Each structure stands twice: as structure tokens, then as C-alpha cells.
Amino acid sequence: MENKLYIKSYVSIENGQISIDGNVVFESSASNVSDFLKEGLRHFGIQYPKFFKMDNLSKLAFLGSELLLKDQDSPETALLFANSSSSLDTDVTYQESIADKDNYFPSPAVFVYTLPNICLGEISIRHQLKTENSFFIFGAFNPDFFIGYAENLIETGKAENVLCGWTELFKEDYKAFLYLVSDEGKTEHTKQNIELFYTN
Amino acid sequence: MEALKQELKEKIIAVLNLEDVQPSDISNTDALFGDGLGLDSIDALELIVLLDKDYGIKLTDPKEGKNIFQSIDTMAAYVEANRTK
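Residues numbered from 1 in each chain as written. Chains lettered and ligands numbered in written order. Predicted model: local features only at pLDDT ≥ 70, side-chain atom pairs only at ≥ 80, totals over all residues. Heavy atoms only, no water.

Engineer: Can you walk me through the packing of helix H6 (residues 143-155) of chain A against helix H7 (residues 191-199) of chain A in this structure?
Structural biologist: If you want to describe how two helices pack, look at the angle between their axes and the distance between the axes. All names here are of chain A. Relative to each other, H6 and H7 sit at 125°, their axes nearing to 10 Å. The orientation of H6 with respect to H7, classified from their angle, is oblique. Once H6 is placed against H7, the crossing between them reads as right-handed. Contacts between H6 and H7 involve Pro143, Asp144 and Ile147 from the former and Lys191, Ile194 and Glu195 from the latter. Split by residue class, the contact of H6 with H7 holds three nonpolar, no polar and three charged. (Axes fitted to C-alpha atoms, helices over the stretch in contact; angles between N-to-C directions. Helix = DSSP H or I, 4+ residues; strand = E, 2+ residues; numbered from the N terminus. Parallel < 35°, antiparallel > 145°, perpendicular 65-115°, else oblique. Left-handed = near helix turned anticlockwise from the far one by under 90°. Contact = heavy atoms within 4.5 Å. Nonpolar A, V, L, I, M, F, W, Y, C, P; charged D, E, K, R; others polar.)

This is the structure we're talking about:
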């Protein structure tokens, strides 16, 4: 990589807390992830009715991306996301709706979220992004992959910034870690820094 | 018929996750799609499922939905005339 890249900003969402650049900016004692994310949306004054129609994975990814992109919206921002449970949370919900052949009413609104990359569509619609986006499934957070892919996107001119996101969610277990890779910033885009921010 | 209209408003809000919308916010003549309540194509499919699940009405031609789902008034009239449960 010829030019240095930086982590411009990062967001963590887990254990009822939302942090931006390591500082806790919202805490909730909501009893479930859906209410927690809804409270978070309202706390930050984000007006977006479609949010309430999303599945929890998309809500998690959407909220995290809002906090990073609201003040630095660039149409040349690519999206690079991954998790380990794919869309299993919604897949299970959908499967339950079609399990009983005598009470068989599959929900179209649930079905559309039975793919993990739908959350990238939600973010792209919100921010009018027409850039590259990819959602990968890994056993665990994989900083090496994120670094290589994000640098390649910028190096080859496919994007000016890359919003990277690990958005893991199944039932009530969730963790989101999103960061914006750019040629501006103070923190170098290195594996050591990414791992440090991911674990803190 | 008024009770059915109220029931439809409550079901639509619940099924379509219309957060912050109250039944009293929806007038009987409001357009459900487009500039009215702002519903989209996935919402239309959910309404078709609602008719089947709660009223035993199976729409065989999705194009029928355009007329049926114009407003609460048109939806209630159709349910009243065609319901099997």
C-alpha cells in the first residue's frame, strides 16, 4: 500500500452499551436486543421509520453505520461486513412460520431478511451508496481479511473510504464493531489497532 | 363496519410494524400506499397474508390488491363481502 490508511472512527455495540471511539455514548438496561436498538435509535434522534421493519441484524448494522456515517457521508464509501451467524436469527424465525402445515403463513416481510447482506442494502439505501458491498461469513472476527480487502478496494480506486463491520447477532447475543477506513485520521490502519479496538 | 375498520387499522399497525402510528392517525379514506401511509410492495404482500390468515380470503390475482388496499374503507368493504372467518 503506497499511501497510509487510517481508522477514522469506530463504533462498538455490545452488552447494552454503544461506544464511539472508545467512549460510551449510550447505555440501556432494555431486556432484549430489539428494545435496546430501538432505544439507541431514539437516543441519537435518528428519524427513519423503515428501521422498525428491519430484522435485528439489520437494525444492529444500520445503527452502527449511522453513528459513523452521519457526519462523514461520502458517496464513495464501500461496505465490507462479516459475521459468524449469517442471518440465522431471522432464518429460525422464518422457519418457525412455515413449520406447521396447518398454520402455514410465511411472512414476506420476514423472508426478505433471510440473507445477511440485506443489511448492506439498508445502509446503501439510507446513504445513497452505489459502491461495492460484500458480506462474508467467518468463524470469528478476522482482521487480516478486513485489512487486505479494504486496502484493495481503496488501492484499486473502487472506493475512497471503506466502512468495515463485524455485526454478529443470534437471539440475544450480539456484538457490533464497525470502523471507517480512510486516508484521513490519526490511528493507523493496522491489525494491532483493529484488534485493540475490537476487544476494548 | 366501524368496528371492522378499527380492527383493520390495529392489525395493519401491528403486522407492518408501523412504530409511532396510532389507529386514530389513519383516516378511513387515507391512501394506504404512496403519499398516504407510505406502505411499500412488501407491505402489500403482508396485507395479502393478513387477509388469508385472519379472514380466510385468498387473493388469487395480486392485481386485485391495488383496488382492495386503496384505503381502510375499500379494504373493510372487501373483507365484509368476502370473509370466510
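Engineer: Before we go on, may I ask you to explain the UniProt feature "domain: Carrier" (unreviewed entry) in chain B in this structure?
Structural biologist: In this structure's numbering, the residues bearing the UniProt feature "domain: Carrier" (unreviewed entry) are residues 1-83 of chain B. Split by type, residues 1-83 of chain B is 54% helix and 0% strand. Its first and last C-alpha atoms lie 13 Å apart. (UniProt positions renumbered as here; feature names shortened; annotations may be inferred.)

Engineer: What exactly am I supposed to notice about the state of the cysteines here?
Structural biologist: Disulfides are covalent bonds that link the sulfur atoms of two cysteine residues. Residues and elements named next belong to chain A. Enumeration according to the criterion identifies zero disulfides over all chains in this entry. Just so you know, Cys119 is unpaired, no disulfide at all, and the nearest cysteine sulfur is the one on Cys164, 13 Å from it. With relative accessibility at 0%, the residue Cys119 sits in the buried group. (Disulfide = S-S within 2.5 Å. Buried < 20%, exposed > 50% of the residue type's maximum accessible area, 1.4 Å probe, protein only.)

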